Amino acid sequence: YLDLSMAVPKNSRRTAKPEISPLNSWRVRGLVTLAVLLLATAMGLWRGRFSNDKQSEVSASSSSRAVREVMLASAEDEVKELRSWSLECSSKETQRCTAVKCLRVVRDGLIPPPQLAALTQLAGDGMALGSAAGGPTILDLHSGALSKGTRFINVFHEAARRADPVFAPEAFNVYRTVKETVLATVREVFGAPVLLTKPTFFSRITNKPSVTAHDEYWHPHVDKVTYGSFDVTCLLYLTTARANFTGGSFMFVDGNEHLLVEPRTGRLVCFSSGSENLHQVEKVSGGQRLALTMGFTCDPARAIPDPSPATASTTAARPDAKV
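Reference entry: report on the structure contained in this document. No experiment lies behind these values; they were computed from the predicted model shown.

**With respect to the nonpolar core**
Counting residues in each nonpolar core, the largest one holds 45 residues, and the members touching the most others are F202 and F296. Among the secondary structure elements, those contributing two or more residues to this core are strand 3 (103-107), helix 2 (113-127), helix 3 (155-160), helix 4 (169-190), strand 7 (195-205), strand 8 (232-237), strand 12 (268-272) and strand 15 (289-297). A total of ten residues in this core trace back to one element, the largest contributor, which is helix 4. If sequence neighbours within four positions are ignored, F296 has contacts with V182, L183, V186, V194, L195, L196, T197, S229, F230, D231, V232 and C234. One finds L72, W218, Y237 and F252 within the second-largest nonpolar core, a separate group that totals 21 residues.

**Description of the side chain of T240**
Considering the arrangement of structural elements, one finds T240 in the loop between strand 8 and strand 9 (245-247). Residue class for T240 comes out buried when judged on its relative accessible area of 17%. In this structure the side chain of T240 is engaged in a polar contact, spanning 2.9 Å, whose partner is the backbone nitrogen of T265.

**Describing unusual backbone geometry**
A cis amide bond links K198 with the next residue in sequence, P199, at an omega value of -5°. Topologically, P199 is positioned in strand 7. Of note in the backbone geometry, R242 takes a positive phi value of approximately 75° without being a glycine. By the element assignment, R242 lies in the loop between strand 8 and strand 9.

**Quick word on the pairing of strand 8**
Regular strands have side chains that alternate between both faces of the sheet. With six of its six residues buried, strand 8 lies for the most part within the structure. Residues of strand 8 alternate between two faces, with V232, C234 and L236 on one and T233, L235 and Y237 on the opposite face, all of them buried. Bridge count for strand 8 against strand 12 is five bridges, and the pairing is antiparallel. The partner of L235 across the bridge, within strand 12, is V269. The pairing of strand 8 with strand 15 spans six bridges and is classified as antiparallel. By the bridge assignment, V232 is partnered in strand 15 with F296.

Here is what the cut-offs are and how they apply
- Residues numbered from 1 in each chain as written.
- Predicted model: local features only at pLDDT ≥ 70, side-chain atom pairs only at ≥ 80, totals over all residues.
- Heavy atoms only, no water.
- Core = buried A, V, L, I, M, F, W, Y, C linked by side-chain atoms within 4.5 Å.
- Buried < 20%, exposed > 50% of the residue type's maximum accessible area, 1.4 Å probe, protein only.
- Helix = DSSP H or I, 4+ residues; strand = E, 2+ residues; numbered from the N terminus.
- Contact = heavy atoms within 4.5 Å.
- Polar contact = N/O pair within 3.5 Å; in protein donor to acceptor, adjacent residues only side chain to side chain.
- Pairing = 2+ DSSP bridges.

And the structure:
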């Protein structure tokens, strides 16, 4: 081991800094600590004021974005004459039917009560053979698709296993009659020679919690994006808000405005299927909400025939009860 300090002449070594006395050391430390505390306090006050200012700005901004609800048609309001609202067509969807007018329409009383009762019975008979594990139960008579648990079965195959007939033959005649009535109305009001398209289906919504992503019917969506084939969407309600269920209002989403239409038995709501009609359904909190969704297209290649137990199959795309 070599001590290099021994090789340095004494007069060339660095002079050690004088030591601070313990008393002076504590005074300096105290002054430094006090300065740090004062600075931290000042910074804290500034940050608190800045944070409060930012919270006030966020609160004011949130308040300015508060949703305003406008009732277009309540369940107690009988819409005897067609109500129509014209819109500017969205340019977001490139493959849309330009012949279709961009509208929203509401009408009560178009379908006679006996036909509504027959449709309700038809939907109930089919849905009795299956039920979704969560969210909506779907019955598509064109493809035969019926919700059962977390999957779909063919309702006509299931019905064939029963000893007694499940569906009354005349019920399908009523279904076709209702379809033709709605189709004629859509052609007249929207000004285009549309045809029925898939998926066209019954939906029964309860307050069952969702099990799969397909059960989450309440998100805002655009039918042209969701279904592709839709140029006009029509909803025929078979139950009435508050009388048969709670929640479940239909609403058009226009920025900060929600334009509400409450379901009423026999109420028909139709609208162009593009982004000008972003919409959603409020969550159902109790009871059962039953409706028939009908899609219409300008493309003959996307048209579907009337339902028939003899020809139905489950080859159609999975229905999705987002409307």
